[in-house]
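# Structural overview for review
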Amino acid sequence: MDYSQFLAMKQEIGLLIVFLLVFLYDTFMPRRSLRALPGFAAVLMLVLTVGDILCSCMHSTSVTAFAGMYETSAVISAIKNVLNVGVFIVLIQSVKWANSEPMEYRRGEFYELLLVTLFGMYLMISARHFLLFIIGLEAASLPLAAMVALDKNRYESHEAAVKYMLTAVFSSAVFMMGLSFVYGLTGSLYFENIYFALTNQFSFMLVMAVAFVIAGIGFKLSLVPFHLWTADVYQGAPTSVTSYLSVISKGAAAFAFLVILAQVFGSVYSRVWEWMLYALIILTITIGNLFAIRQRNMKRFLAFSSVSQAGYIMLGVIAFNTMGVAAMIYYILVYVFSNLAAFGVIGAIENATGKVSMEDYRGLYKTNPRLSFAMMLAMFSLAGIPPFAGFFSKFFIFTSALNQESTAIYVLVLIALINTIISLYYYLLVVKAMFISEDDCQIAWFRSSCTERLGMWIAVAGILLLGIVSCVYNHLLDISSVSGLAAYFV
């Protein structure tokens, strides 16, 4: 084997270096220096993110390695950079929690497990062979169960970890059952080989194979009806872990889902799985919205909100065009900033007061106006209210889907638009509680930590700037046009 092939994995190697530095710091530095570990990890992540972005701008060609099992390109680097930005914000927001007394002996585990899961997501995104994809999938899933259980003093954290572990194991089993059918039909696990082998095939086994594969990844994305674990895990996990799970894990799974459906099953799109995805999108957006209306715990509220958002992200897949690929990545980027702004406020309030109920947010503007402002912008962006970034992300993803000009797509987008109105109602419930409610606020004034404020304002700046700066979407559209993903659909 030519070991120079590892040089194609620049982003993975950079992440492993960050992991090793964090591990060595946690292992060998004196105990009095470990309170600086969260800041050290955040700085390393910032350096990695900036370095990856600069390298992506200088080298935009597609490269394959390990006999075609691994691929990197400009669009793949872009989605990895989006994940890096999200992880950096999560690390900044988690500094106070990681340095709290319950985490004193486990702060290193949090950062090490987080970096391992991110490495697994990198492999999922770049995999062009199902063996490598499974390795990445398990590396991204299993450490998350340990992260969910980090708060050992809370029963809810243990319960959430067990539910997540059982769901991860079951979904992996379902996914690999589908792969066994695919291998039986084609005799290969390479994406490209499977694509050409399925071109002229249509059988009941093929339909079942695609259904199992979609179901297996649907668990990771929280697509209905595979979403039932989401609210309990989001509520029971530590808030920093929940924020990571809600945006980084979902963003990586969404892009990997797009790659598999395009490069593996794109040749049977209209004959096999188009109608499956239509049904999943409608159910996911509608049920996520309806259940979000009933929630009063803020973490469960954002859990069902994320279920609904996953349905909107999937509109980029059914667009099967260059604009759909760009719109999906842009939507994930906007979702990272919007959701992390909301979780930043929730985490700051929970760390200071232990309160996570929407009822406790009544009159919050009177005591904590800055936190209220940040939460309001996050809710407006998630709802898709102009001129914030969430409006443009929904506009682009709807426009990309409508390019097909079919009656079914028009009906699907109409249902999604109606659901956007429903989502506007429950997002504004939070704004109403903070700004309009005349009740005395249950949360007294407090000053959040510097890192919590920094994380929130980075997220808020992203919400505002992405609604103004058009070059980001234009760049994503340019690199998506040369990625060739849309060409796989037939």
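Structure first, text after, so check above.
A brief look at the structure comes next. The written sequence of each chain sets the order in which its residues are numbered from 1. Note on the predicted model: pLDDT of at least 70 is required for a residue's local features to be given, and 80 or more for side-chain atom pairs to be given and counted; whole-chain, interface and lining totals, by contrast, use all residues. Water and hydrogen atoms play no part in the side-chain values, which are based on all heavy atoms of the structure.

Quick look at the packing of aromatic side chains now. Centres within 6.5 Å make a pair out of two Phe, Tyr or Trp rings, where for Trp the six-membered ring is used; the pair is then stacked when the planes are under 30 degrees apart, edge-to-face when over 60, and tilted otherwise. In this structure the tally under the stated criterion is 26 aromatic pairs. A centroid spacing of 6.1 Å and a plane angle of 90 degrees characterise the contact between F301 and Y427, whose relative ring orientation is edge-to-face. One end of the pair, F301, is in helix α13 (residues 298–318); the other, Y427, is in helix α18 (residues 407–435), with 126 residues separating them in the sequence. When the ring of Y330 is compared with that of F396, the centres are 5.6 Å apart and the planes differ by 75 degrees; the resulting orientation is edge-to-face. Residue Y330 is located in helix α14 (residues 322–353), and its partner F396 is located in helix α17 (residues 389–402); the two are separated by 66 residues in the primary sequence. The rule is simple: take the accessible area with a 1.4 Å probe, protein chains only, and divide by the maximum for that residue type; under 20% is buried, over 50% is exposed, in between is partly exposed. The exposure class assigned to Y330 is buried, which follows from its relative accessible area of 2%. An aromatic cluster is present here, built from Y330, F391, F392, F395, F396 and Y473 joined pairwise through their rings. Lying across the ring of Y312, K394 places its NZ or CZ 4.8 Å from the centre. Numbering of helices and strands runs from the N terminus; a helix is a DSSP stretch of H or I covering at least four residues, while a strand is a stretch of E covering at least two. When the NZ atom of lysine or the CZ atom of arginine is within 6 Å of a ring's centre and also within 35 degrees of its normal, the charge is said to sit over that ring.

On to the pattern of salt bridges. A side-chain nitrogen of Lys or Arg and a carboxyl oxygen of Asp or Glu constitute a salt bridge if their distance falls within 4 Å. For the structure on display, the rule yields 7 salt bridges. For E71, the salt bridge identified is with R128, shortest N-O distance 2.9 Å. Within this pair, whereas E71 is found in strand β2 (residues 70–72), its partner R128 is found in the loop between α5 (107–126) and α6 (130–148), the two being separated by 57 residues in sequence. For the pair E71 and R128, a shared accessibility class is recorded, and that class is buried.

Right, let's get into a nonpolar patch on the surface. Together, Y3, F6, I13, I17 and L21 line one region of the surface with nonpolar side chains, adding up to about 470 Å² of accessible area. Mapping L21 onto the fold places it in helix α1 (residues 10–28). By relative accessible area, L21 is classed as partly exposed at 37%. What makes a patch is a set of residues exposed beyond 30% relative accessible area and free of salt bridges, joined within 9 Å when like-charged and within 5 Å when nonpolar (Val, Leu, Ile, Met, Phe, Trp, Tyr). In this description, accessible areas are obtained by the Shrake-Rupley approach with a 1.4 Å probe, and a residue is regarded as covered only by the protein chains that are shown.

Inspection of the secondary structure assignment puts T451 in helix α19 (residues 450–465). In sequence terms T451 and S203 are 248 residues apart; their C-alpha atoms lie 55 Å from each other. Ignoring sequence-local partners within four residues, the contact set of T451 consists of I92, Q93, V95 and K96. In what follows, residue pairs with any heavy atoms lying within 4.5 Å of each other are defined as contacts.

This paragraph deals with the layout of surface pockets. Empty space left among the atoms is revealed by rolling a probe the size of a water molecule over them. Buriedness for pockets is judged along seven lines, at least five of which must meet protein on both sides within 12 Å for an open set on the 1 Å grid over protein atoms alone, while cavities are sets there where a 1.4 Å probe fits but cannot get out, and lining residues have an atom within 4 Å of a point. Grid points are joined across faces, edges and corners, and a volume is the space filled by probe spheres set on the points. There is about 540 Å³ of room inside the largest pocket. Lining the largest pocket are 23 residues, with I53, N81, V82, V85 and L333 sitting closest to its centre. When residues of the lining of the largest pocket are traced back to their parent elements, those giving at least two are α2 (37–58), α3 (74–93), α14 and α20 (471–481). By residue number, the principal contributor to the lining of the largest pocket is α3, which donates 8 residues. The nonpolar class holds Ala, Val, Leu, Ile, Met, Phe, Trp, Tyr, Cys and Pro. Asp, Glu, Lys and Arg form the charged class, and all remaining residues, Gly among them, are polar. Of the residues contributing to the lining of the largest pocket, the split by class is 17 nonpolar, 6 polar and no charged. Roughly 410 Å³ of internal volume is contained in the second largest pocket. As for the second largest pocket, its lining consists of 25 residues, of which W97, P238, T239, E350 and N351 are closest to the centre. Only α3, α11 (239–263) and α14 provide two or more residues apiece to the lining of the second largest pocket. Here the lining of the second largest pocket takes 6 residues from α14, the largest share from any one element. Looking at the lining of the second largest pocket residue by residue, the classes come out as 9 nonpolar, 10 polar and 6 charged.

Right, let's get into empty space enclosed by the protein. Under the counting rule described, the total for this entry stands at 5 cavities of 30 Å³ or more. Forming the walls of the largest cavity are 13 residues, and the residues nearest its centre are S141, L144, Y164, K220 and S249. Taken together, the residues of the lining of the largest cavity break down into 10 nonpolar, 2 polar and 1 charged. What the second largest cavity holds in volume is close to 50 Å³. If you trace the second largest cavity, you find it lined by Q309, Y331, V334, Y335, S338, S381, L382, G390, S393 and K394. Going through the elements one at a time, α14, α16 (369–383) and α17 are the ones with two or more residues in the lining of the second largest cavity. Among the elements that make up the lining of the second largest cavity, the one with the highest residue count is α14 (4 residues).

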